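Okay, here's what each chain looks like letter by letter:
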Amino acid sequence: TEAFTAFVDTFDWGDSDMEEAMRSLLQAYLLPKEAQQIDRIVKVFAYTFYQKHVARHPGLPFVRSKDAAYVLSFALILLNSDQHNPNMKA
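Below is a summary of the structure that appears in this document. All values reported here derive from a predicted model rather than from experimental measurement.

### As for the overall build of the chain
Scanning the chain for helices and strands turns up four helices and zero strands. Against the 2.2 N^0.38 benchmark of 12 Å for 90 residues, the chain shows a C-alpha radius of gyration of 13 Å, consistent with a compact globule. Summarising its shape, the C-alpha atoms of the chain cover approximately 40 × 30 × 20 Å along the three principal directions. A buried classification covers 26% of the 90 residues belonging to the chain. Pairs at least 24 apart in sequence give 59% of the contacts found in the chain among residues at least 6 apart. When the accessible surface of the chain is summed, it comes to about 6,400 Å², and 55% of that surface belongs to carbon and sulfur atoms.

### Considering the pattern of salt bridges
Counted by the stated rule, this structure contains three salt bridges. A salt bridge links R56 to D15; the shortest N-O distance between them is 3.1 Å. Here D15 lies in the loop between α1 (2-9) and α2 (18-28) and R56 lies in helix α3 (residues 35-56), a separation of 41 residues in the sequence. Residue R56 is classed as partly exposed on the basis of its relative accessible area of 47%.

### A look at the packing of α1 against α3
Where α1 meets α3, the axes come as close as 10 Å, and the angle between the chain directions of the two elements is 40°. In terms of orientation, α1 lies oblique with respect to α3. Crossing of α1 against α3: the hand is right-handed. Where α1 abuts α3, its residues F4, T5, V8 and D9 lie against I41, V44, F45, T48 and K52. Split into classes, the residues belonging to the contact of α1 with α3 amount to five nonpolar, two polar and two charged.

### Thoughts on the environment of A46
Among the secondary structure elements, A46 is positioned in helix α3. A46 sits in the buried class, given a relative accessible area of 0%. In this structure, the C-alpha to C-alpha distance between A46 and V8, residues 38 residues apart in sequence, is 10.0 Å. Among all residues touching A46, those that are not within four sequence positions of it are A69, Y70 and S73.

Here is what the cut-offs are and how they apply
Residues numbered from 1 in each chain as written. Predicted model: local features only at pLDDT ≥ 70, side-chain atom pairs only at ≥ 80, totals over all residues. Heavy atoms only, no water. Helix = DSSP H or I, 4+ residues; strand = E, 2+ residues; numbered from the N terminus. Rg over C-alpha atoms; globule rule 2.2 N^0.38 Å. Buried < 20%, exposed > 50% of the residue type's maximum accessible area, 1.4 Å probe, protein only. Contact = heavy atoms within 4.5 Å. Areas by Shrake-Rupley, 256 points an atom, 1.4 Å probe, with all protein chains shown as cover. Salt bridge = Lys/Arg side-chain N within 4 Å of Asp/Glu carboxyl O. Axes fitted to C-alpha atoms, helices over the stretch in contact; angles between N-to-C directions. Parallel < 35°, antiparallel > 145°, perpendicular 65-115°, else oblique. Left-handed = near helix turned anticlockwise from the far one by under 90°. Nonpolar A, V, L, I, M, F, W, Y, C, P; charged D, E, K, R; others polar.

Right under this line is the structure:
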């Protein structure tokens, strides 16, 4: 996880929102199939995004904690999976 954390830390998301930041990460890194591995990747992304966002906008964090960033990140993954899953019925 240290290597992946260092990799995620190389991204400069600037003023990107969480969805844009996650898309840029997932264009560079393919998520594995195993849920536990996805969980670790999303956690590293969320904590890194939160730290960079708070450092860039100290008075305006749109999420209150790194755990809230994690929950929101995981929700984005789940919603995106549901949206693009051909087996889901409308």
